Amino acid sequence: LFDGVYPFYPQQRKSFVFDISTIIVIIVFLTLACSFLIIIPGIRGRARLYWLIRVLLSLVIGVVIVVVQYTSDWESGWVKANTSYKSFSHALVNADIGLHVGLTGVNITLVGNPVNQVNETINYNEYFAWSFDADYDHSYNEGLEKGLPSPILYLAEKFTSQSPCGVHNQYRISGHYTSAVLWVAFCSWLISNILFSMPALVYGGYMVLVTGAFMIFSLLSFSTVRNSPMCAIKFGSASLHIVYGGSFWLTLAVGLLCFIIGVTVVTLHFFSLDLLKTFFDLHVDEAEECQEMTEVYVNQRFMNNTL
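Please read these numbers as outputs of a predicted model, since none were measured by experiment.

The number of helices and strands found in the protein is 10 helices and seven strands. Every one of the 307 residues in the protein was classed for burial, and the buried ones make up 42%. Taking contacts inside the protein between residues at least 6 apart in sequence as the whole, the part at least 24 apart equals 67%. Accessible surface for the protein amounts to roughly 17,600 Å². Of this, 63% is attributable to carbon and sulfur atoms.

Applying the stated criterion across every chain yields a total of one salt bridge. Here K86 makes a salt bridge to E120, at a shortest N to O gap of 2.8 Å. Here the residue K86 occupies a position in the loop between β1 (75–84) and β2 (92–101), and E120 occupies one in strand β4 (residues 120–129), the gap between them amounting to 34 residues. Residue classification places K86 among the partly exposed residues on the basis of a relative accessible area of 32%. Among the residues examined, E120 registers a relative accessible area of 27% and is labelled partly exposed.

Right, let's get into the state of the cysteines. One pass over the full model with this rule turns up one disulfide. One disulfide bridge connects C165 with C231, the sulfur atoms lying 2.1 Å from each other. Judged by the sign of its S-S torsion, about -140°, the cystine formed by C165 and C231 is left-handed. You can see C165 sitting in the loop between α4 (150–157) and α5 (168–196) and its partner C231 sitting in the loop between α6 (201–223) and β5 (234–235), a full 66 residues away along the chain.

With that settled, consider α4. Judged by how many residues are buried, α4 sits mostly within the fold: six of eight residues are covered. What α4 keeps buried is the set S150, P151, I152, L153, L155 and A156.

Further remarks concern the packing of helix α2 (residues 47–67) against α5. Describing two packed helices takes the angle between their axes plus the distance from one axis to the other. Two numbers describe how α2 lies on α5: the axes approach to 9 Å, and their chain directions differ by 160°. The orientation of α2 relative to α5 falls into the category roughly antiparallel. Crossing angle aside, the handedness with which α2 passes α5 is left-handed. On α5, the residues touching S58, I61, G62, I65 and V66 of α2 are L182, W183, A185, F186, W189 and N193. Grouping the amino acids of the contact of α2 with α5 by side-chain chemistry returns eight nonpolar, three polar and no charged.

Attention shifts here to the pairing of β2. The element β2 is largely enclosed, with a buried count of seven among its 10 residues. Where β1 and β2 come together, 10 bridges link them in antiparallel fashion. Considered in β2, the bridge of N82 is made with N94. Count of turn residues in the β2/strand β3 (residues 105–117) antiparallel hairpin: three residues.

If you look at the biggest cluster of nonpolar residues, it comprises 36 residues, and the most contacted ones within it are F29, I65 and W74. Elements with a minimum of two residues in this core: α1 (20–39), α2, α5, α6 and α7 (246–271). Ranked by residues supplied to this core, first place goes to α2 with nine residues. Ignoring any residue separated from it by four or fewer positions in sequence, one finds F29 in contact with L59, G62, V63, F186 and W189.

Basis of the calculations
Residues numbered from 1 in each chain as written. Predicted model: local features only at pLDDT ≥ 70, side-chain atom pairs only at ≥ 80, totals over all residues. Heavy atoms only, no water. Helix = DSSP H or I, 4+ residues; strand = E, 2+ residues; numbered from the N terminus. Buried < 20%, exposed > 50% of the residue type's maximum accessible area, 1.4 Å probe, protein only. Contact = heavy atoms within 4.5 Å. Areas by Shrake-Rupley, 256 points an atom, 1.4 Å probe, with all protein chains shown as cover. Salt bridge = Lys/Arg side-chain N within 4 Å of Asp/Glu carboxyl O. Disulfide = S-S within 2.5 Å. Axes fitted to C-alpha atoms, helices over the stretch in contact; angles between N-to-C directions. Parallel < 35°, antiparallel > 145°, perpendicular 65-115°, else oblique. Left-handed = near helix turned anticlockwise from the far one by under 90°. Nonpolar A, V, L, I, M, F, W, Y, C, P; charged D, E, K, R; others polar. Pairing = 2+ DSSP bridges. Core = buried A, V, L, I, M, F, W, Y, C linked by side-chain atoms within 4.5 Å.

Next comes the structure, spelled out in structure tokens:
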């Protein structure tokens with residue numbers, strides 16, 4: 001090993017769900033949440049609960065928008081099969097083969113059942129990037145040179161630009177625009193938080209609706225890959241089918257949550273403004289501004305001199 005990495009692997013293997021970028025984003029948002037939990041005891045009365053709900057919901061929406069751009073499970077599929085292990089060898093291994101598609105690349109896993117077979121440890125996790133700043137075909141050729149197992153190369157070949165499947169450009173472009181739309185949703189989420197911190201609640205509700213709309217648009221953008229039929233992926237008699245993964249459904253759930261929050265805020269603005277102001281802790285300030293003077297003290301000497 002060289003610094004914990006096998007010499008024929010130039011980089012650390014990337015996890016099929018979590019990587020360094022995902023962990024960093026989660027830590028940042030957890031730090032913000034913990035900071036708020038530390039100061040929340042200083043908020044008095046029922047407003048403490050309202051602040052807790054608002055801040056935690058907002059952080060959940062924000063962290064999901066950012067994290068799903070780095071995950072590798074927008075589409076995923078698993079199959080258990082007896083398959084050849086290496087080229088020019090008739091040895092068969094029993095293994096779980098996983099395919100995990102993200103916005104910037106595809107992750108392929110191969111885990112043996114059991115892990116130790118044919119005098120080797122079968123536990124692979126390979127990542128091939130197709131983002132605009134990466135060369136997927138070059139990564140695939142490097143995999144050929146390293147002599148990766150045949151099931152991994154077989155799956156990776158399906159997504160090359162020269163593959164008869166013809167899905168490389170579709171996944172690459174749809175992933176790029178999905179990520180771009182999600183960043184726009186993140187910007188609208190920031191604007192909604194700014195508006196909610198000001199006496200402009202209805203506009204904050206509108207921006208939450210915009211956030212939810214862009215999240216739904218991102219799902220529609222990624223769904224365009226379904227317009228290109230995927231080639232059949234077979235390992236002997238077993239077939240691997242990919243379906244929408246956790247990141248896709250999580251983005252859909254948070255997008256619908258944004259619609260619910262936005263519609264609720266706008267509806268309360270027009271039908272129950274006092275309740276909305278109470279939830280956002282604005283009624284106290286307005287009450288103090290509109291409070292009438294109950295007692296008036298008059299300087300009698302000054303009044304007598306004036307008269």
